[in-house]
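Residue strings, one per chain:
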Amino acid sequence: FSDVITRAVDSSNFRLVEDGFVQEPLRFSCPGATKSFSLSIVIGVGSTMSAGDVSFAKGVATRIVDRMNGISDEVAVLTYDDNVNLQSSFNYIPIVLKQNIDAINPTGRGNYFWDGVYEGVRYCANDGNRMSRGVLILSNGKGDGGSKNTNDVVQLAKLAKLPVYSLGISAVNSDQDMRDLAAQTGGKYFNNADQCVQELVDALNGTPPYCTLEYET
């Protein structure tokens, strides 16, 4: 139901019958990552994002950090209200990133959506050191000011060759800008957190979207 691949299984979870005969032994394998990545995560914390929304965004960010290899993958975290704040510069140490994510709280201030997204793209373009790079927006997409707009972000993302991904959080009737941004930059708009965590990291680290079940006849 969440459009994700189940990898937490092994050959014992399968029974394969061919021409009336059970085939054994079975070999189940899932290909692993093939490259390291740099990812900027941008979280909205202004007045349109409730405490529950921000908590949900933090949970998604933490799950993404859990999928880092802890060696060469790197993540940065930014938040925006009527200002943009760098909560964590690019870091490959999961425990440090989780501490910085945990410290994020809603502010009840403005919602300069495009300023936040622009800074996430700019920061990744300038400071992301891996060949595979991207930006993830965790927000409801609502904005009420700022100095940047859609075209500013799209032009910068295209110039930097950075895909912008989005997961809408309580984004009822406010997700179209995020969908359009993803489409124009080669990213994707995710429909749920499970899909976001799996497909985003798989795309960035080169993990193929399949597993293999083998047997000999």
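Above this note sits the structure.
Residues numbered from 1 in each chain as written. Predicted model: local features only at pLDDT ≥ 70, side-chain atom pairs only at ≥ 80, totals over all residues. Heavy atoms only, no water.

*Asks:* What should I look at first to understand the overall build of the protein in this one?
*Replies:* The helix and strand tally for the protein stands at six helices and ten strands. In the protein, which comprises 217 residues, the share counted as buried stands at 44%. In the protein, of all internal contacts separated by at least 6 residues, the share reaching a separation of at least 24 is 78%. When the accessible surface of the protein is totalled, it reaches about 10600 Å², and 46% of it is carbon and sulfur. Separation of charge centres in the protein, based on 18 positive and 25 negative side chains, amounts to 4 Å. (Helix = DSSP H or I, 4+ residues; strand = E, 2+ residues; numbered from the N terminus. Buried < 20%, exposed > 50% of the residue type's maximum accessible area, 1.4 Å probe, protein only. Contact = heavy atoms within 4.5 Å. Areas by Shrake-Rupley, 256 points an atom, 1.4 Å probe, with all protein chains shown as cover. Lys, Arg positive; Asp, Glu negative; His and termini not counted. Charge placed at Lys NZ, Arg CZ, Asp CG, Glu CD.)

*Asks:* I tried to follow helix α3 (residues 113-127) on my own but got confused; where do I start?
*Replies:* What sets the pattern is the α-helix's 3.6 residues per turn: residues three or four places apart point alike. Taking 1.5 Å as the rise per residue, α3 with 15 residues should run 21 Å; its terminal C-alpha atoms sit 21 Å apart, in good agreement. Here α3 has its buried residues at F113, W114, D115, G116, V117, Y118, G120, V121, Y123 and C124. (Expected span 1.5 Å × (residues − 1).)

*Asks:* Mind showing me how you'd approach the sheet that holds strand β6 (residues 84-91) here?
*Replies:* By way of backbone hydrogen bonds, the strands of a sheet pair with one another, either parallel or antiparallel. If you walk across this open sheet you meet the six strands as β6-β5-β4-β7-β8-β9, and the pairing is mixed. In this open sheet, the two strands that pair with only one neighbour each are β6 and β9 (189-190). Running at roughly 155 degrees to strand β8 (residues 164-168), helix α5 (residues 176-185) makes contact with β7 (132-139), β8 and β9 of the sheet. (Pairing = 2+ DSSP bridges. Axes fitted to C-alpha atoms, helices over the stretch in contact; angles between N-to-C directions.)

*Asks:* Honestly, the environment of P31 in this entry has me stumped. Any pointers?
*Replies:* Following the sequence through the fold, P31 ends up in the loop between β3 (27-29) and β4 (37-44). Judged by relative accessible area, which is 26%, P31 ranks as partly exposed. Between the C-alpha atoms of P31 and Y210, which are 179 residues apart in sequence, the distance is 7.6 Å. Ignoring any residue separated from it by four or fewer positions in sequence, one finds P31 in contact with T207, P208, Y210 and C211.

*Asks:* Just to check I follow, could you spell out the state of the cysteines for this structure?
*Replies:* In protein structure, a disulfide is the covalent linkage between the sulfur atoms of two cysteines. Using the criterion set out here, one finds one disulfide in the structure. Here C30 pairs with C211 through a disulfide, and the sulfurs are 2.0 Å apart. Its S-S torsion of about 100 degrees marks the bond between C30 and C211 as right-handed, since a negative value means left-handed. Here C30 is found in the loop between β3 and β4, whereas its partner C211 is found in the loop between α6 (193-205) and β10 (212-214), with 181 residues between them in sequence. Overall, C211 belongs to the partly exposed group, its relative accessible area being 24%. (Disulfide = S-S within 2.5 Å.)

*Asks:* What is the right way to read the packing of α3 against helix α4 (residues 150-160) from this model?
*Replies:* A pair of packed helices can be characterised by two numbers: the angle between their axes and the separation between those axes. Put simply, α3 and α4 touch, their axes get as near as 9 Å, and they point 15 degrees apart. Accordingly, the angle class assigned to the pair α3 and α4 is roughly parallel. Two packed elements cross with a definite hand, and for α3 against α4 that hand is left-handed. Along its contact with α3, which presents W114, V117, Y118, V121, R122 and A125, the element α4 presents T150, D152, V153, L156, A157 and A160. Per-class residue counts for the contact of α3 with α4 are nine nonpolar, one polar and two charged. (Parallel < 35°, antiparallel > 145°, perpendicular 65-115°, else oblique. Left-handed = near helix turned anticlockwise from the far one by under 90°. Nonpolar A, V, L, I, M, F, W, Y, C, P; charged D, E, K, R; others polar.)

*Asks:* Would you explain the environment of F21 in this entry?
*Replies:* With respect to the secondary-structure elements, F21 resides in strand β2 (residues 21-22). Judged by relative accessible area, F21 falls into the exposed class, the value being 58%. F21 sits 74 residues away from I95 along the chain, and the two C-alpha atoms are 49 Å apart.

*Asks:* So what exactly am I meant to see when it comes to α6 here?
*Replies:* Its 13 residues place the ends of α6 18 Å apart at the C-alpha level, agreeing with the 18 Å of an ideal helix rising 1.5 Å per residue. α6 sits mainly inside the fold: ten of its 13 residues count as buried. Listed as buried for α6 are A193, Q195, C196, V197, Q198, L200, V201, D202, L204 and N205. Where α6 is buried, its residues contact β4, α1 (51-66), β7, β8 and β9. Two residues or fewer after α6 comes G206, characterised by a positive phi angle close to 80 degrees.

Honestly, that's just the spatial picture; any functional story needs more than this.
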